[in-house]
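Residues per chain, in single letters:
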Amino acid sequence: MVASGSHAPMVLHCDNVWIDPPGRFEPRSVELVGGRIELVRDRMTALAAGTRQPDIDLGNAYMMPGLINTHVHLEFSASPDPLREFRREPASDRFARAVRNARSMLLSGVTTLRDCGSSVQLLTGFRRCRDLPALPRLLLSGPPITVPGGHLSIFGGIVSGPDEIPATVSRSISAGARSIKLIGSGGGMTPGSFPEKVAFSQEVFCRVAAEARSHEVASAAHVLAAESVKRAAIARFDSLEHCAFFRRSGCGRLVRHYDAGVAAIIADSGVAVMPNLSTATRAHGTLLREGMQGNPEAQHALDQHEVMLENFRKLVDLGVTMICGTDAGVRDTPFGDTWIELELMARSGMSNIDVVRSASLNAARALKLEGTVGRIAAGHSADFVVLKNSPLADISTYRDPLSVYSDGRRIAPSLANERNGHC
Ligand SMILES: [Zn+2]
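Residues numbered from 1 in each chain as written. Predicted model: local features only at pLDDT ≥ 70, side-chain atom pairs only at ≥ 80, totals over all residues. Heavy atoms only, no water.

Peer 1: Any details on the nonpolar core? Residues and values, ideally.
Peer 2: Across soluble globular proteins, nonpolar side chains show a tendency to be buried alongside one another. Formed by 74 residues in total, the largest nonpolar core has its most connected members in Phe237, Leu240, Ile266 and Tyr398. Other than its neighbours up to four places away in sequence, Phe237 contacts Leu182, Phe205, Val208, Ala209, Ser219, Ala220, Ala221, Ala232 and Val271. Counting residues in hydrophobic clusters, the runner-up holds 16 residues, among them Leu32, Met63, Val386 and Tyr405. (Core = buried A, V, L, I, M, F, W, Y, C linked by side-chain atoms within 4.5 Å. Buried < 20%, exposed > 50% of the residue type's maximum accessible area, 1.4 Å probe, protein only. Contact = heavy atoms within 4.5 Å.)

Peer 1: Give a description of the environment of Arg87 that names residues and reports values.
Peer 2: In this fold, Arg87 is placed in helix α2 (residues 82–88). The sequence separation of Arg87 and Ile154 amounts to 67 residues, and the corresponding C-alpha distance is 8.5 Å. (Helix = DSSP H or I, 4+ residues; strand = E, 2+ residues; numbered from the N terminus.)

Peer 1: Tell me about the coordination of the zinc ion, and name the residues and values.
Peer 2: Taken together, His71 (NE2), His73 (NE2) and Asp327 (OD) make up the full set of protein donors to the zinc ion, lying 2.1 to 2.2 Å away. Counting residues between consecutive donors of the zinc ion along the chain gives the motif H-x1-H-x253-D. Linking His73 in the loop between β7 (67–72) and α2 with Asp327 in the loop between α10 (296–317) and α11 (338–347), this pair joins segments that are 254 residues apart in sequence. Neither residue differs from the other here; His73 and Asp327 are each classed as buried. (Donors = N, O, S within 2.8 Å, 3.2 Å for Na, K, Ca; no water.)

Peer 1: Mind laying out the confidence of the model for the protein chain, listing which residues take part and the relevant values?
Peer 2: In this model, the protein chain carries an average pLDDT of 92, and 96% of its residues clear a pLDDT of 70 or more. When the criterion is pLDDT under 50, residues 1–5 qualifies, and its contacts beyond four places in sequence or with other chains add up to 16 contacts. Segment residues 414–423: pLDDT under 50, and 26 contacts once partners within four positions in sequence are set aside and those in other chains are kept. (pLDDT = per-residue confidence, 0-100.)

Peer 1: Provide a residue-level description of the pairing of strand β2 (residues 10–19), including the pertinent values.
Peer 2: For β2, the buried fraction is high: nine of the ten residues fall into the buried class. Taken together, the eight bridges between β2 and strand β3 (residues 24–33) define a ladder with antiparallel strand orientation. The residue bridging Ile19 from the neighbouring strand is Arg24, located in β3. Between β2 and β3, which pair antiparallel in sequence order, lie four residues; one of them, Gly23, sits at a positive phi of approximately 95 degrees. Sheet topology places β2 next to strand β5 (residues 56–57); two bridges connect them, and they run parallel. Across the sheet, His13 pairs through a bridge with Asp57, a residue of β5. The sheet contact formed by β2 and strand β6 (residues 62–65) spans two bridges and is parallel. Along β6, the bridge assignment pairs Asn16 with Tyr62. (Pairing = 2+ DSSP bridges.)

Peer 1: Summarise the pattern of salt bridges; cite the residues concerned and give the values.
Peer 2: Scanning the entire structure with this criterion turns up 20 salt bridges. In this structure, the salt-bridge partner of Glu31 is Arg41, at a minimum N-O distance of 2.9 Å. Taken together, the residues span a long stretch of sequence, with Glu31 in strand β3 and Arg41 in strand β4 (residues 36–41) at a distance of ten residues. When sorted by exposure, Glu31 lands in the same class as Arg41, which is buried. Overlapping salt bridges, with partners in common, bring together Arg24, Glu26 and Arg28 in one network. (Salt bridge = Lys/Arg side-chain N within 4 Å of Asp/Glu carboxyl O.)

Peer 1: Break down unusual backbone geometry for me, with residues and values.
Peer 2: The amide bond that connects Asp20 to the next residue, Pro21, takes the cis arrangement and shows omega of -5 degrees. Tracing the backbone through its elements, the reader meets Pro21 in the loop between β2 and β3. The omega torsion of the bond from Pro21 to Pro22 falls at 15 degrees, within 30 degrees of zero and hence cis. Phi at Phe245 takes a positive value of approximately 55 degrees, unusual for a residue other than glycine. Note on placement: Phe245 falls in strand β12 (residues 239–248).

Peer 1: How would you explain the domain arrangement of the protein chain if you had to name every residue and give the values?
Peer 2: Segmentation of the protein chain into domains returns domain 1 (3–65 + 375–412) and domain 2 (67–366). Computed over C-alpha atoms only, the centres of domain 1 and domain 2 are separated by 30 Å. In this assembly, 25 residues from domain 1 lie in contact with 22 residues from domain 2. Summed over both sides, the interface between domain 1 and domain 2 buries roughly 1800 Å², with carbon and sulfur atoms accounting for 65% of that surface. If you sort the residues of domain 1 by the area they bury against domain 2, Ile395, Tyr398 and Arg399 come out on top, with a joint share of 31%. The partner of Arg399 in a salt bridge is Glu343, and the shortest N-O contact between them spans 2.6 Å. On the surface where domain 1 and domain 2 come into contact, there are five residue pairs in polar contact (both at pLDDT 80 or more). Along the lines of polarity and charge, the residues of the side of domain 1 that touches domain 2 split into 16 nonpolar, four polar and five charged. (Domains from an automatic or database assignment. Buried area = accessible area lost by both parts, 1.4 Å probe. Polar contact = N/O pair within 3.5 Å; in protein donor to acceptor, adjacent residues only side chain to side chain. Nonpolar A, V, L, I, M, F, W, Y, C, P; charged D, E, K, R; others polar.)

Peer 1: Account for the environment of Arg331, with residues named and values stated.
Peer 2: Mapped onto the elements, Arg331 comes out in the loop between α10 and α11. In sequence terms Arg331 and Leu361 are 30 residues apart; their C-alpha atoms lie 29 Å from each other. When sequence neighbours within four positions are dropped, the list of residues in contact with Arg331 reads Ala78, Ser79, Pro80, Pro82 and Thr279.

Peer 1: Could you give me a rundown of the packing of helix α5 (residues 165–175) against helix α6 (residues 202–214), with the residues and numbers involved?
Peer 2: Between α5 and α6, the least distance of the axes is 10 Å, while the angle of their chain directions is 35 degrees. Crossing of α5 over α6 shows right-handed handedness. Along the contact surface, α5 presents Ile165, Pro166 and Val169, while α6 presents Val204, Arg207, Val208 and Glu211. (Axes fitted to C-alpha atoms, helices over the stretch in contact; angles between N-to-C directions. Left-handed = near helix turned anticlockwise from the far one by under 90°.)

Peer 1: Can you tell me about the sheet that holds strand β9 (residues 137–140), naming the residues and giving the values?
Peer 2: Taken in spatial order, the three strands of this open sheet run β7-β8-β9, and their pairing is parallel. With one partner strand each, in any of the chains shown, β7 and β9 form the two edges of the open sheet. Across the sheet, the axes of successive neighbouring strands diverge by a mean angle of 15 degrees, strand direction being ignored. Across four bridges, the pairing between strand β8 (residues 110–115) and β9 is parallel. Residue pairing across strands places Arg114 opposite Leu139, the latter belonging to β9. Packing against the sheet, helix α3 (residues 91–107) makes contact with β7, β8 and β9, and its axis sits at approximately 140 degrees to β8.

Dropping the structure here:
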């Protein structure tokens, strides 16, 4: 255990506490009781009311809400072939890996995460296991709903038609899921599935989103085909994962395009998009480092990366709400660097304040955790990341937090060998 401190009342002061809304820094005393924020107020007002001197004075650092990463896969290994390990390993090994992966995310400043697809044993493990280190708040999805042989059917959440949906959702909720995910199209990671093809009828999209609403949990739709994006937006999922607009070219290649009509439907619906720029950008960097530009397949991938960034910019310009997710655990995508996604969003056309909100206020809303996490305000969980610089001026300051607080407890910073590790 690296967490220190307890749930005893505590007062922190910082010259720059992030207050959002309205979205500005203010000097504030933050008073914690039982792991929650009791009061946020001006120091003079606090002292006049009899509040003691701060237990911790963070001085002129920048106190932000802990990061929220809305899309990871804790059981996966982030190796070049995560499905291979998944098939080979017993559930107990995968659970141990999931705990280590969650732990490394906490040390990097992520205090809330959503696992966006796992085996049911992951739900069972977290429900039963009591002897765990301090971890981020976990919102688990369990096995995503998918067609027979479809993307991520390895997890077992297979349905054949709309009538099976209520029981499937109820089973996941009973097992501990607090988010429901629909695989609305094929996925690149699953052999035999087609990212450019929609997987379910509009009726299924609508029933899954409605079932999630009736259980008051978040809904997410994996959507790589334009038609799947459209159906998920019409069904009012809380978030659209990836949102890629793939189609197959005449020569059989998977290509991204931009469907302005579907983009307008997304913007009108108010549904959030999880763009995940970092996984493809990492692969892009590898191709460049290896000097693969002359290779036709590699050049195609490099060109597609540009289209992805351009599509992202267009959606941002339309006013679509973006939320932070990294797909950590899939191929070559480690757990400790949510900051890369933040930097890419900033570099690709989002304002820094919207990037901050993509991993705080807006992410909390999409996860149905508004009022619980994502703000430094009374009644919210005492989850903070303390930064050297203002992320409004320098988004890269998230790379190296000065300290992380989770549930009112200070997590030791910069345990280098624990922090950047993944299994
Ligand atoms: Zn994923």
